[in-house]
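# Reading the structure
Here's the letter readout for the chains.
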Amino acid sequence: MKRIFFQSLLICFFICADRQVMAQQGKPNVIVIYTDDVGYGDLSCYGAAQIKTPNIDAIAANGLRFINAYASSATCTPSRYSMLSGEYAWRKKGTGIAPGDAALLIDPAKPTLASVFKDAGYHTGVIGKWHLGLGAPGVGPYWNGTIKPGPIELGFNTSYIMPATLDRVPCVYIDGYHIVNLDPTDPITVNYKQPVGNWPTGRDHPELLKMKPSHEHDQTIVNGVSRIGYQTGGKSALWVDEDISTVLAGKAVQFIEENKRKSFFLYFATHNIHVPRVVNKRFAGKSGMGPRGDAILELDWMTGQVTQTLKRLNLTQNTIVIFSSDNGPVIDDGYIDDAVEKLNGHTPAGALRGGKYSAFDGGTRVPMIVSWPGHIAKGTSAAPFSQVDMMASFAQLMGKPFTGGKYMDSENAMDVLLGKNTQGRNYVIQQSVNNTLSIIKGDWKYIEPSNGPAINKYTNTELGNNPKPQLYNLKTDINERKNLADANPEKLNELRDLLNRVRGD
Ligand code: NG6
Ligand code: CA
């Protein structure tokens, strides 16, 4: 009798456990591979002929490749802010390119892309570039102690990040609330206003540099590369640029392995292909295009580490992978790395005008690939998509759709991501580095008048600023050459009014 009871208990346990697994299988895992400064023309699946990105291309071959997908902004911080918060960054002051010691920019009291998943029972993680500030408002990060609030307060269970950019101090990883390998007897000091300590700078000691700055980037030297900002102390915690791809890919693989039996969301924010482009020796010199091309190869390898892990763990069918970029491409972004000299006919922005920082489409129209085998038909989507919609889209998928105007900027575009809706967003808004806004609706794009500079003198990028309103027909003029503002005042007014309405003017 007793035996039968225990046997039935055991059978019941297995049935229940199985049900649980089934329930979890119904919910796909989600991985967002969010790259840094990868342009519309930088991948072979987007037409690049000089460089091969087989692992990224394989995602595209098995998924949906978007040709009208947009980052919200032409620089990193505001694009990430918009994607993770569901609110356009230009609604909040101080969300431009953040210094390395900025305080947390996203309000932890509000839902985020991460909390959408966490609330649905997912294990959530961020690995890689953060660049959204850390620590309390007005205080900032407490480098030598507990660094909070940060990703964890925004809904990430796991956080392994680099605080800002590759070219900004402090050059350390943060695991959870603490700097990795920090020796308490060698505390870290960071300053963005004045020199601290006695570590050499690129300005005073160019002879110590293995990669020299082309503009700015001449402050504290770490690992033979001078950065933006001053740092002293924390020697044992410093990252080694050549190893970052291995470290971050390793963390991503570990995250997937550890959570293979749960539903998980991973925001994998790669450091590639931002400057300084100091790749692992396995990739150095391999592209024939200098460090920028080598960084693309390294990024492709990192992507392959993720997709191969999914395959090995039999998770490919149950995982949505989204691959995209935070802003358009830049060639010389501050270091002498042969990027201009070795372009060799490669066009990082493809057929688009401008690049990173720009109001022209090169600034924000980015590669975006979505795959979920068995659920998303393979192909190309021309539907307009804005990354600000990720949050409401995944809230919908999680069965907790947003209602009302509380998240007014993020709209549910899940059917667009799944390839079921080919119309896409009614309009897309873009923000340039100097906050010039543009709006695209149908074939038309309006760039509001701006007295900002026409060219970024450092990077030699056309910024798209013009004191006069600009109106382009992207269908017939993808390169934004023929300003039709005078010829088509009705369209101009329609788009300007729509932009003003969304902005709340
Ligand atoms: C700019 C830096 C650039 C890069 C960028 C941030 C100068 C002149 N330029 O201010 O090198 O670091 O900030 O890039 O300092 S982003 O992709 O993180 O937005
Ligand atoms: Ca970027």
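## Examining the overall build of the chain
Within the chain, the secondary structure is distributed over nine helices and 22 strands. Considering only C-alpha atoms, the chain reaches an extent of 85 × 65 × 45 Å along its principal axes. Among the 505 residues that make up the chain, the fraction classed as buried is 58%. For the chain, the accessible surface area stands at approximately 20500 Å², while carbon and sulfur atoms represent 53% of it.

## Topic: the coordination of the calcium ion (ligand 2)
Only D36 (OD), D37 (OD), D326 (OD), D326 (OD) and N327 (OD1) from the protein coordinate the calcium ion (ligand 2), and they sit 2.2 to 2.8 Å from it. One can describe the donor arrangement at the calcium ion (ligand 2) as irregular, given that its six donor atoms subtend angles of 50 to 173° at the metal. Look at where the donors of the calcium ion (ligand 2) fall in the sequence and you get D-D-x288-D-N. As far as the burial class goes, D36 and D37 line up, both buried.

## Examining the site of ligand 1
Residues in contact with ligand 1 amount to 20 residues; listed here are only the nearest, D167, R168, H217, D333 and K356. At 2.9 Å from an oxygen atom of ligand 1 is found a main-chain nitrogen or oxygen belonging to C76. Separating an oxygen atom of ligand 1 from a side-chain N or O atom of H217 is a distance of 2.9 Å. Expressed as a share of its isolated accessible area of 450 Å², the protein-covered part of ligand 1 is 88%.

## Brief notes about the nonpolar core
The nonpolar side chains of soluble globular proteins are, as a tendency, buried together. W130, Y267 and F394 are the most contacted members of the largest nonpolar core, which totals 106 residues. Looking at which element gives the most residues to this core, the answer is helix α6 (residues 290-312), with seven residues. If near-sequence neighbours (up to four positions away) are discounted, F394 is found in contact with V30, L113, V116, F117, I320, I322, M414 and L417. Membership of the second largest hydrophobic core comes to 17 residues, among which are L437, I439, L484 and L495.

## Side note on the packing of aromatic side chains
As enumerated under the stated definition, the model contains 15 aromatic pairs in all. Relative to F265, the ring of F156 lies with its centre 6.3 Å away and its plane at 20°, an arrangement referred to as stacked. A residue pair is termed long-range when its members are at least 10 positions apart, and F156 in the loop between β4 (123-129) and β5 (158-162) and F265 in strand β12 (residues 264-269) qualify at 109 residues. No difference in accessibility class separates F156 from F265, as the two residues are buried. Grouped by ring-pair contacts, the aromatic residues Y34, F117, Y122, W130, F156, F265, Y267 and F394 constitute a single cluster. When the ring centre of W301 is taken as origin, the NZ or CZ atom of R282, which lies over that ring, is 4.6 Å away. Above the ring of Y427, the side-chain terminus of R425 is found at 5.2 Å from the ring centroid.

## Observations regarding helix α9 (residues 489-503)
Over its 15 residues, α9 extends 21 Å from the first C-alpha to the last, a length consistent with the 21 Å expected when each residue adds 1.5 Å. Those residues of α9 lying buried are L492, L495, L498, L499 and V502. The buried residues of α9 occupy an angular sector of 140° when the element is viewed end-on, so they sit on one face. Facing away from the buried side of α9, by more than 90 degrees, are the exposed residues E490 and R501. As for α9, its buried residues are in contact with β17 (428-431), β18 (437-441), β19 (444-447) and β22 (470-473). Within two residues after α9, G504 carries a phi angle of roughly 90°, on the positive side.

## Focus: the pairing of strand β13 (residues 319-325)
With seven of seven residues buried, β13 lies mostly within the body of the structure. Side chains T319, V321, F323 and S325 of β13 all project onto a buried face; the interleaved residues I320, I322 and S324 project onto the opposite face, where all are buried too. As judged from the seven bridges shared by strand β1 (residues 29-35) and β13, these two strands associate in the parallel manner. Note on β13: the bridge partner recorded for V30 is I320.

## A few points about the pattern of salt bridges
Inspection of every chain in the model, using the stated rule, returns 26 salt bridges. Across the pair E87 and K110 runs a salt bridge, and its minimum N-O distance is 3.9 Å. Placement of E87 in the loop between α3 (76-85) and α4 (113-119) and of K110 in the loop between α3 and α4 is noted, with a sequence separation of 23 residues between them. The residue E411 makes a salt bridge to R425 at a minimum N-O spacing of 3.8 Å. Residue E411 is located in the loop between α7 (390-397) and α8 (414-417), and its partner R425 is located in the loop between α8 and β17; the two are separated by 14 residues in the primary sequence.

## Notes on the packing of helix α5 (residues 244-258) against α6
Relative orientation of the contacting elements α5 and α6 amounts to 15°, with a least axis distance of 10 Å. By the angle class used here, α5 and α6 are roughly parallel. The hand of the α5/α6 crossing is right-handed. Where α5 abuts α6, its residues S245, T246, L248, A249, A252, V253, I256 and E257 lie against E298, W301, M302, Q305, V306, T309, L310 and R312.

Rules and cut-offs
- Note that residues are indexed from 1 along each chain, following the sequence as it is written.
- Here chains are named by letter from A upward and ligands by number from 1 upward, in the order in which they appear as written.
- Only residues with pLDDT of at least 70 are given local features in this predicted model, and only at 80 or more are side-chain atom pairs given and counted; all residues enter the totals for whole chains, interfaces and linings.
- To obtain the side-chain values, all non-hydrogen atoms of the structure were included, while hydrogens and water were left out.
- The numbering of helices and of strands both runs from the N terminus, where a helix is a DSSP run of H or I of at least 4 residues and a strand a run of E of at least 2.
- A simple rule labels every residue: compare its accessible area, found with a 1.4 Å probe on the protein chains alone, to the largest value its type can have, and call it buried under 20%, exposed over 50%, or partly exposed in between.
- Per-residue accessibility takes into account occlusion by the displayed protein chains alone, with areas from the Shrake-Rupley method and a 1.4 Å probe.
- Any N, O or S atom lying within 2.8 Å of the metal counts as a donor, with the limit raised to 3.2 Å for Na, K and Ca; because water is left out of the atom set, some sites can appear incomplete.
- A site with four donors is called tetrahedral when every donor-metal-donor angle falls between 85 and 135 degrees; four donors are called square planar, and six octahedral, when opposite donors sit more than 155 degrees apart and all other angles fall between 65 and 115; any other arrangement is irregular.
- The cutoff for a nearby residue is simple: one of its non-hydrogen atoms must lie within 4 Å of the molecule or strand.
- Nitrogen and oxygen atoms within 3.5 Å of one another constitute a polar contact, given that in protein one can donate a hydrogen and the other can accept it, and given that sequence-neighbouring residues count only through two side-chain atoms.
- Take the buried residues of types Ala, Val, Leu, Ile, Met, Phe, Trp, Tyr and Cys, join any two whose side-chain atoms come within 4.5 Å, and each joined set is a nonpolar core.
- The criterion used for residue contact is that any of the two residues' heavy atoms lie within 4.5 Å.
- Here a pair means two rings of Phe, Tyr or Trp (six-membered ring of Trp) with centres within 6.5 Å. Their orientation is stacked below 30 degrees between planes, edge-to-face above 60, and tilted elsewhere.
- Placement of a charge over a ring requires the Lys NZ or Arg CZ to be within 6 Å of the ring centre, with the centre-to-atom vector within 35 degrees of the ring normal.
- Take the number of residues in a helix, subtract one, and multiply by 1.5 Å to get its expected span.
- Starting at the helix axis, one direction is taken to each C-beta atom, and the arc is that of these directions.
- DSSP bridges decide pairing: two strands pair if at least two such bridges lie between them.
- Should a side-chain nitrogen of Lys or Arg be within 4 Å of a carboxyl oxygen of Asp or Glu, the pair is scored as a salt bridge.
- In this description, a line fitted to the C-alpha atoms serves as the axis of each element, helices being fitted only across the stretch in contact, and the angle between N-to-C directions of two axes falls anywhere from 0 to 180 degrees.
- Throughout, the term roughly parallel applies to angles under 35 degrees, roughly antiparallel to angles over 145, roughly perpendicular to angles from 65 to 115, and oblique to all others.
- Here a crossing is called left-handed whenever its near helix is offset anticlockwise from the far helix by less than a right angle, and right-handed whenever the offset is clockwise.

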